[in-house]
Amino acid sequence: MRRADDVYVVGCGMHPFGRDESVTGMDMAERAIREALADAGVAWEDIGYAAGGSDVSGKPDTLVGRLGLTGVPFVNVQNGCATGASTVLTVANALRAGEASLGLAVGFDKHERGAFHVSAARYGLGDWYAETGMMLTTQFFALKTRRYLYEHGISERALAMVAARAFRNGSHHPLAWRRKPLTEREILDSAEVSPPLTQYMFCSPGQGAAALVLALGDRAFDLCERPVRLASLAFRTRRFGSFEVFSPWLPPGPHRSPSVDAAEAVFRTAGLRPADVQVAQLQDTDSGSELIHLAETGLCGHGEQEALLAAGDTDAAGRIPVNTDGGCLAGGEPVGASGLRQFHEVVRQLQGRAPGLQVPGAPRVGFTHVYGAPGISACSVLTV
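The shown structure was predicted, so the numbers you read here are calculated from the model rather than taken from an experiment. (Residues numbered from 1 in each chain as written. Predicted model: local features only at pLDDT ≥ 70, side-chain atom pairs only at ≥ 80, totals over all residues. Heavy atoms only, no water.)

Colleague: Help me out: how do you make sense of the overall build of the chain in this one?
Modeller: Looking only at helices and strands, the chain has 13 helices and eleven strands in total. Over its C-alpha trace the chain gives a radius of gyration of 19 Å, about what one expects of a compact globule, namely 21 Å for 384 residues. On the principal axes, the C-alpha backbone points of the chain span a range of 55 × 45 × 40 Å. Each of the 384 residues in the chain was classed as buried or not, and the buried ones make up 60%. Of the contacts formed within the chain by residues at least 6 apart in sequence, a portion of 75% connects residues at least 24 apart. Just so you have it, the chain exposes about 14700 Å², and 51% of that area is on carbon and sulfur atoms. Distance from the positive charge centre (35 side chains) to the negative charge centre (41 side chains) of the chain: 2 Å. (Helix = DSSP H or I, 4+ residues; strand = E, 2+ residues; numbered from the N terminus. Rg over C-alpha atoms; globule rule 2.2 N^0.38 Å. Buried < 20%, exposed > 50% of the residue type's maximum accessible area, 1.4 Å probe, protein only. Contact = heavy atoms within 4.5 Å. Areas by Shrake-Rupley, 256 points an atom, 1.4 Å probe, with all protein chains shown as cover. Lys, Arg positive; Asp, Glu negative; His and termini not counted. Charge placed at Lys NZ, Arg CZ, Asp CG, Glu CD.)

What follows is the structure in structure tokens.
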């Protein structure tokens, strides 16, 4: 049954992820927006509310100079790896509040080569923390992964299985960056970065843009043959004692990740269970992160991941298809765009028009999850 305050995705657009030195971050954002508008069959002048996010590539609201000076409210969002999901939440809430019936969310970034440049002071930490080497996310995630594998009896081969599936999926996706499939052995034998994680178990800072057009209530069905409903979207920050990136403590006992809180909240609001998910996007900053997030979001139990991977259950034709576009491992991570890339892929999957591998059986329930510093997570449930 439709509700008047339901919000739907009616259009999506994406600039290919990777590295393209011929364009700026703003160029990529403009392309993604124009593609999303065309996909929805609307013009920029029809948009009544907008939000955009970028970590390093400019003020998103200045895009109105390229798109048209219509006076539209345009909110800038900067929320780490959750920036994309936060822009969607901002626009959806504005539509529900009666600000407009049609809105747009966009995210983009164009990062330099190499690791992210991160300031300890920006996260409320002293120089001592950076001097430990823990401002390098490769160090933190490797330690977190090592601990998790030990606690739950998972082998390092599971890390290679995650990455091999990501590159395999990415090889079929025209918008992915890394499009060469790699074997588990090639991944395990690649250069060691931070044990137990090797070169091909990490994503890379990248470049790209993605955009969505959102519509309120019946307006969505006037614009789109198969609109995708935003059944729920939840955002959470860390609790005391949680073990998170740039959060300098190690709890001696059980701890609760913001991903657990966000996932529980989103399924509760949607009136669904993790078992109902038919296609999922999980934050895979590295292979270990995906393993952890599979269990934290409720898609499997702790310690079950290796068996799921070995059985092919997370493949596109499996029981719980995960990161069908290759995720961050194959796409890289332009911070402002990464969460919106997840929406783009799930929406296209639910509409039966995925650019790469299509999940069989006409999936009706999709899930997205992002996680980032200093311990934030956003999850969504999408349905048709």
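Colleague: How should I be thinking about the side chain of S287 in this particular structure?
Modeller: Mapped onto the elements of the fold, S287 is located in helix α10 (residues 287–296). Residue classification places S287 among the buried residues on the basis of a relative accessible area of 0%. When neighbours within four sequence positions are excluded, S287 is seen to be in contact with L159, V162, A163, M201 and L329.

Colleague: What should I look at first to understand empty space enclosed by the protein in this one?
Modeller: Summary: where empty space remains is shown by rolling a probe the size of a single water molecule over the atoms. Taken as a whole, this structure holds one cavity of 30 Å³ or more when the rule is applied. Volume-wise, the largest cavity comes out at about 30 Å³. Along its surface, the largest cavity is lined by M14, H173, L175, A176, D325, G327, G331 and R341. Split into classes, the residues belonging to the lining of the largest cavity amount to three nonpolar, three polar and two charged. (1 Å grid on protein atoms, 1.4 Å probe; cavity = no way out; pocket = protein on both sides within 12 Å on 5 of 7 lines; lining within 4 Å. Points joined across faces, edges and corners; volume = space filled by probe spheres on them. Nonpolar A, V, L, I, M, F, W, Y, C, P; charged D, E, K, R; others polar.)

Colleague: Looking at this structure, I do not really get the nonpolar core. What am I missing?
Modeller: The nonpolar side chains of a soluble globular protein tend to be buried, and buried together. Formed by 47 residues in total, the largest nonpolar core has its most connected members in I187, V266, F267, L291, L299, F367 and V381. Examining the composition of this core, we find that nine residues originate from one element, helix α6 (residues 157–170), more than from any other. The contacts of L291, once residues within four sequence positions are left out, are Y148, L149, I154, A158, L159, V162, Q305 and L309. One finds A82, V91, A105 and L214 within the second-largest nonpolar core, a separate group that totals 37 residues. (Core = buried A, V, L, I, M, F, W, Y, C linked by side-chain atoms within 4.5 Å.)

Colleague: Which parts of the structure should I look at to understand the packing of aromatic side chains?
Modeller: The geometry of an aromatic ring pair is captured by the separation of the ring centres together with the interplanar angle, meaning the angle of the planes. In total, this model carries seven aromatic pairs according to the counting rule given. With centroids separated by 5.5 Å and ring planes inclined at 80 degrees, the aromatic side chains of W128 and Y129 adopt a geometry described as edge-to-face. Through pairs of rings, three or more aromatic residues link up here, namely F140, F141 and F243. Residue placement shows R178 over the ring face of W177; its charged tip is 3.9 Å from the ring centre. (Phe/Tyr/Trp six-rings, centres within 6.5 Å; stacked < 30°, edge-to-face > 60°. Lys NZ or Arg CZ within 6 Å of the ring centre and 35° of its normal.)

Colleague: I would appreciate a short explanation of the environment of L223 in the present structure.
Modeller: Within the fold, L223 resides in helix α8 (residues 219–223). What makes L223 partly exposed here is its relative accessible area of 23%. On a C-alpha basis, the gap between L223 and V42 in space is 8.1 Å, while along the polypeptide they are 181 residues apart. Once you skip the residues sitting within four places of it in the chain, L223 turns out to touch V10, A40, V42, L102 and A215.

Colleague: I would appreciate a short explanation of helix α13 (residues 335–350) in the present structure.
Modeller: Every α-helical turn comprises 3.6 residues, leaving residues that sit three or four positions apart pointing alike. An ideal rise of 1.5 Å per residue puts 22 Å on 16 residues; α13 measures up with 24 Å between its terminal C-alpha atoms. Of all the 16 residues making up α13, 16 are buried; the element is thus mostly covered by neighbouring parts of the structure. G352, located one to two residues past α13, shows a positive phi value of around 75 degrees. (Expected span 1.5 Å × (residues − 1).)

Colleague: Would you mind showing me how to read the layout of surface pockets here?
Modeller: Taken as a whole, the largest pocket encloses approximately 960 Å³ of empty space. As for the largest pocket, its lining consists of 40 residues, and the residues nearest its centre are F116, H117, V118, T137 and V335. Secondary-structure elements contributing two or more residues to the lining of the largest pocket are α5 (137–152) and β10 (365–372). In terms of residue class, the lining of the largest pocket is made up of 21 nonpolar, 13 polar and six charged. Counting contributing residues per domain, the lining of the largest pocket is built from domain 1 (3–113 + 207–228) and domain 2 (135–203 + 231–383), each supplying no fewer than three. (Domains from an automatic or database assignment.)

Colleague: Which parts of the structure should I look at to understand the pattern of salt bridges?
Modeller: A pair can form between side chains of opposite charge whenever their charged atoms are brought close. Under the counting rule described, the total for this entry stands at 23 salt bridges. Across the salt bridge formed by E184 and R157, the nearest N and O atoms sit 2.9 Å from each other. Remark: R157 occurs in helix α6 and E184 occurs in helix α7 (residues 184–189); sequence separation between them is 27 residues. On the accessibility criterion, E184 (25% relative accessible area) is partly exposed. (Salt bridge = Lys/Arg side-chain N within 4 Å of Asp/Glu carboxyl O.)

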